[in-house]
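Fold and geometry: a report
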Amino acid sequence: IIAEITILSNGIPAAVGCLAAAIGVGMVGAKAVESVGRNPEASGKILVQSILGMALAEAVAFYAIFLAK
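Residues numbered from 1 in each chain as written. Predicted model: local features only at pLDDT ≥ 70, side-chain atom pairs only at ≥ 80, totals over all residues. Heavy atoms only, no water.

A look at the pattern of salt bridges
According to the stated counting rule, one finds two salt bridges in the structure shown. Arg38 is the salt-bridge partner of Glu34, the closest N and O atoms lying 3.3 Å from each other. Of this pair, Glu34 and Arg38 both sit in helix α2 (residues 11-38), four residues apart, which is roughly one turn of the helix. In this structure Glu34 comes out as partly exposed when scored by relative accessible area, which is 36%. Among the residues examined, Arg38 registers a relative accessible area of 69% and is labelled exposed. Sharing partners across several salt bridges, the network here consists of Lys31, Glu34 and Arg38. (Salt bridge = Lys/Arg side-chain N within 4 Å of Asp/Glu carboxyl O. Helix = DSSP H or I, 4+ residues; strand = E, 2+ residues; numbered from the N terminus. Buried < 20%, exposed > 50% of the residue type's maximum accessible area, 1.4 Å probe, protein only.)

Points about the environment of Glu58
Relative to the helices and strands, Glu58 is located in helix α3 (residues 43-67). Between the C-alpha atoms of Glu58 and Glu4, which are 54 residues apart in sequence, the distance is 29 Å. Contact partners of Glu58, with chain neighbours within four places excluded, come to Ala21 and Val25. (Contact = heavy atoms within 4.5 Å.)

Let's talk about α3
With 25 residues, α3 should reach 36 Å at 1.5 Å per residue; the first-to-last C-alpha distance of 36 Å fits that figure. Taken residue by residue, α3 has Ile46, Ser50, Ala57, Ala61 and Ala64 as its buried positions. On its buried side, α3 packs onto α2. (Expected span 1.5 Å × (residues − 1).)

What follows is the structure in structure tokens.
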């Protein structure tokens, strides 16, 4: 039974890391939409910055998945 618990508990850090990445991407997207609503002329610059922010947040998920194994 210890082996089964160990196998199941190995996925918990990966799940938490992916959850954190999903929350981060959602926050970046929400703030980007809010920023474009406030200043539509800057939508190009906001888009570039939000894509960078989302990519960095997604990197957290990849680190969590690869380091959990």
